[in-house]
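If you want the building blocks of each chain, they are given just below.
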Amino acid sequence: MSATVDLLVLGGGAVGASVAWAAARGSNDRLPISTALLDAGEPAHPAGSSHGDGRIWRISYSEDVYVDLARRAEPLWQELATTTGQSLWIPTGGLDLGPASSPIVAELLATFDRLDIEHRVHERASLRRHLPQIETPPGSVGVYQPSAAVVRADRAVRSLWQAAEAAGARRFSGRAMGLESDDSGIQLRLADGRSVAARRLVVAAGSWSGAFASRALGLDLPLRVSEEVVAYFPPSARARTGHHAGTLPVVIDYHEALPFYALPQIDVAGVKVGWHRSGPILPPEQLHREAEDGLPAAGGEPDAAVLERVRRYVGDRFPYLEMTPIVTTTCRYTMTPDLHFLIDRWADDPRVTLAAGFSGHGFKFAPALGEAIVDLALGAEPRIDLTSFRIARFADLDRLQPRLTA
């Protein structure tokens, strides 16, 4: 089908497209390499995990690796915007909510103090004065970080594809069905009989990563895929203040075991609200069928029970939003047992690198992940410590402790 490329990327979501961009453009310490990007759909297609009007960028993490990734990603998002002439970054500020006694809030504050991250702590009365759009229960606190922002999701993914192609990456459309390899390299077989040849392969196929790894590599990865509900709620006629970016920050709410999140109005005329990791788990046979027969034309049907719980949350927390959403949609999460990422080279053939399990919070890091994954795939020392993302940790699943923050 083509001359052998140095690196083939399977999957054109935020992470896969970032890998292609990083490889094709090179960096200060790495020359550009010949690159191809393969995806079965168009950029930001609605059946995947990288579509929508916005994603949260924040550094409100208790783990240093995610703070490091977020900080490295910010200038790369700005570089992408400059390269493509697109507006991708919307400063909003960010607010983490929870009970004053919450161990998660305590973890975040400890990290902010240790890493010198600018923040302010608001008691409930102070929250009411500064952000009347939000109502919290007695005993609540809010931790505000002025640096948080929203990345325009659809536009960012399309920009990544555009920038990768402009840097020399070749784009192929098709469904990967199998893999063959020998001393000369890797041949990825497509459903229509074509093949793509590469010296190295990065698998970043989102919710279909597990199906591909099982079929093509004989590798059983402990990945679960959920269909998450996302809904947009418009301001009511009695709203006393705005809910758009600049007036309402991004919100992560830890008052319950599964956090809620909210983004201000961007392109849709409503506040985006979701319940993190609450969606139904998709059966593996469905994902295998989609990988073999083709992507669904649209996302799944929003789960009615989850949507009703999101509506009740909006009624409790946002007094000036209507409780009836104007838009509902779904977005897939691909999750590992401990909710950390999976980024590692395949032990049986280190020319294959796996990047999956971004668990509903990986988008913000995408360009920084792209650079680190290219480093790993080429056998160089990644510029981010990827130790906690290795496959070997799955050898004893009972000992894994899921991360707590969103």
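Residues numbered from 1 in each chain as written. Predicted model: local features only at pLDDT ≥ 70, side-chain atom pairs only at ≥ 80, totals over all residues. Heavy atoms only, no water.

(A) Spatial organisation of the overall build of the chain. What the chain contains, in helices and strands, is nine helices and 19 strands. Principal-axis analysis of the C-alpha atoms places the extent of the chain at approximately 65 × 50 × 40 Å. A burial count over the chain gives 59% of its 406 residues as buried. Taking the intrachain contacts of the chain between residues at least 6 apart in sequence as the baseline, contacts between residues at least 24 apart amount to 77%. Carbon together with sulfur atoms contributes 49% to the accessible area of the chain, which is approximately 15900 Å² in total. (Helix = DSSP H or I, 4+ residues; strand = E, 2+ residues; numbered from the N terminus. Buried < 20%, exposed > 50% of the residue type's maximum accessible area, 1.4 Å probe, protein only. Contact = heavy atoms within 4.5 Å. Areas by Shrake-Rupley, 256 points an atom, 1.4 Å probe, with all protein chains shown as cover.)

(B) Local environment of the sheet that holds strand E8 (residues 149-151). Spatially, three strands are ordered E3-E8-E4 in an open sheet, and the strand pairing comes out antiparallel. With partners counted over all chains shown, the strands left at the sheet margins are strand E3 (55-57) and strand E4 (89-91), one partner each. In this sheet, neighbouring strand axes are inclined to one another by 30° on average, regardless of whether the strands run parallel or antiparallel. The pairing of E3 with E8 spans three bridges and is antiparallel. Paired with Arg 55 across the two strands is Val 151, which belongs to E8. (Pairing = 2+ DSSP bridges. Axes fitted to C-alpha atoms, helices over the stretch in contact; angles between N-to-C directions.)

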